[in-house]
Amino acid sequence: MTVLSADKVVTPAGVLEPGWVAVEDGRIARVEQGRPDHADLHGRIMVPGFVDIHCHGGGGASFDSADPEECARAAAFHRARGTTTLVASLVTAAPADLERRASVLSELAGDGVLAGIHYEGPFLSTARKGAHDASLLRDPDPTTVDRLLKVPHVRMMTIAPELHGGMDALRQVRDAGALPAVGHTDATYEVVREAARAGARVATHLFNGMRPLHHREPGPILALLEAPDVVLELIGDGVHLHPAVVAHIARTAGSGRTTLVTDAIAAAGMSDGEYELGGLGVEVNDGVARLTGDGSIAGSTAAAASVFRRAVHDSGIPLTEAVRLAATTPAMLLGLTDRGAIAPGLRADVLMLDDDLGVQRVVAV
Ligand SMILES: [Zn+2]
């Protein structure tokens, strides 16, 4: 048995100050208030490992590479920074390439390195393409969708519901047991309401890559906010969204249906310079990644820990709520009932943070 203690332990029931956790066989056996007689490790703040459901790479490595070693490196980069559960996102590519890339990721998911695969394209709106290659965007057809879904460990697919065949594709994803996500969309309010009825479960980076909210045409944003079964992704890197927006959504939609994501690309953790995302050139300046072509923001250079830290420091979200946004809610969305909180019976995926919420230690199964 291993005993981990901290000045603050963030549990679903509140913060234990101080508190400790006993770990046995990779599981949390006990969670207690107070100081233990003996601790194998003591830290300042203990939180569950982060769960990131939207991430393209990091540490110079990309999940689009189709290279198992490079993909494992990207996962290891984020794991060392506190993401103990990670869904790998693939940007738009030709279906055959996507299938090939997903198969590589599927092996890593089978080994427990990844928690699943997310196809962010190619069924997206050209008007809201963001950093996706417009020439490869297409309408969904049942055969292609089926081919992509057949790869084991596919957990999510982002679709612009206004595309020809978009609604049927959302239902097809749902029926296959994966999460239909709405994003990179120019749809009207009404169309996205229909998408929610068709089973949409996720808003792919709410606000970014979608028609903005307008008082005469509220568009996808209001429709997604109003859909109780939809979990809202927020890119909390301080670039994609104003911290007040993150605070507002976390408060109004609630931490039970809001999750922080990084949308990180290979440039995360690297210096400024030239990178690539799905075959498109990306330039990173002051940590902000933009397409070399049209200047669109091209994902983030953040790790989950810095997104978490911003949520607390910049958006003023209380620690317990920030933990829900960064771990509990995304784990629940993925159906992973064995993690996402510090509670007896769950996996001992635990982080020790310093006073400034920097990751000091990653203790994970
Ligand atoms: Zn993305």
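Throughout this document, residue positions are counted from 1 along each chain, in the order its sequence is written. Confidence filtering applies because this is a predicted model: local features only for residues at pLDDT of at least 70, side-chain atom pairs given and counted only at 80 or more, and all residues used for totals across whole chains, interfaces and linings.

1. Comments concerning the pairing of strand E3 (residues 19–24)
Consecutive side chains along a regular strand alternate between the two faces of the sheet.
Here comes step 1: Strand pairing requires that DSSP identify at least two bridges connecting the strands. Runs of H or I in DSSP of at least four residues are treated as helices and runs of E of at least two as strands, each being numbered from the N terminus. Pairing of strand E1 (residues 2–11) with E3 involves five bridges; the strand directions are antiparallel. Directly across from Val3, in E3, lies its bridge partner Ala22.
Here comes step 2: Bridge count for E3 against strand E4 (residues 27–33) is six bridges, and the pairing is antiparallel. Residue pairing across strands places Val21 opposite Val31, the latter belonging to E4.
Here comes step 3: With antiparallel pairing between neighbouring strands as the criterion, E3 and E4 make up a hairpin whose turn holds two residues, including Asp25 at a positive phi of roughly 50°.

2. Some thoughts on the domain arrangement of the protein
Here comes step 1: Partitioning the protein into structural domains gives domain 1 (2–46 + 353–363) and domain 2 (50–338).
Here comes step 2: Of note, the centres of domain 1 and domain 2, computed from C-alpha atoms alone, are 31 Å apart.
Here comes step 3: Working definition of a contact: two residues with C-beta atoms, positioned from the backbone, lying within 7 Å. In this assembly, eight residues from domain 1 lie in contact with 13 residues from domain 2.
Here comes step 4: Looking at the side of domain 1 that touches domain 2, the elements with two or more residues in it are strand E2 (14–16) and strand E20 (359–363).
Here comes step 5: Residue composition of the side of domain 1 that touches domain 2, grouped by class: six nonpolar, two polar and no charged. Residue ranges for the domains trace back to a domain assignment, done automatically or taken from a database. For this classification, Asp, Glu, Lys and Arg are treated as charged, while Ala, Val, Leu, Ile, Met, Phe, Trp, Tyr, Cys and Pro are nonpolar and the rest, including Gly, are polar.

3. A few points about the packing of helix H2 (residues 95–110) against helix H3 (residues 142–149)
Relative placement of two packed helices is described by the angle separating their axes and the distance separating the axes.
Here comes step 1: Helix axes use the C-alpha atoms of the stretch in contact, all axes being lines fitted to C-alpha atoms, and the angles between their N-to-C directions lie in the range 0 to 180 degrees. Their axes nearest at 9 Å, the elements H2 and H3 cross at an angle of 15°. Classed by the angle they form, the pair H2 and H3 counts as roughly parallel. As H2 runs across H3, the sense of the crossing is right-handed. Seen from H2, the contacting residues are Pro95, Leu98, Glu99 and Ala102; seen from H3, they are Thr144, Arg147 and Leu148.
Here comes step 2: Tallied by class, residues from the contact of H2 with H3 come to four nonpolar, one polar and two charged. If an angle is under 35 degrees, it is roughly parallel; if it is over 145, roughly antiparallel; if it lies from 65 to 115, roughly perpendicular; otherwise it is oblique. Should the near helix be turned counterclockwise from the far one by less than a right angle, the crossing is left-handed, whereas a clockwise turn marks it as right-handed.

4. A short note on the sheet that holds strand E18 (residues 288–291)
Here comes step 1: Taken in spatial order, the three strands of this open sheet run E16-E17-E18, and their pairing is antiparallel. On the outer flanks of this sheet lie strand E16 (273–277) and E18, each paired with one strand and no other. Averaged over all neighbouring strand pairs, the angle between strand axes comes to 35°, with direction disregarded.

5. Some details on the packing of helix H1 (residues 68–80) against H2
Here comes step 1: Where H1 contacts H2, the axes come no closer than 10 Å and their chain directions differ by 55°. It follows from the interaxial angle that H1 and H2 lie oblique. Considering how the two elements wind past one another, H1 and H2 form a crossing that is right-handed. Residues Pro68, Cys71, Ala72 and Ala75 of H1 touch H2, and the partners they reach there are Val104, Leu105, Glu107 and Leu108.

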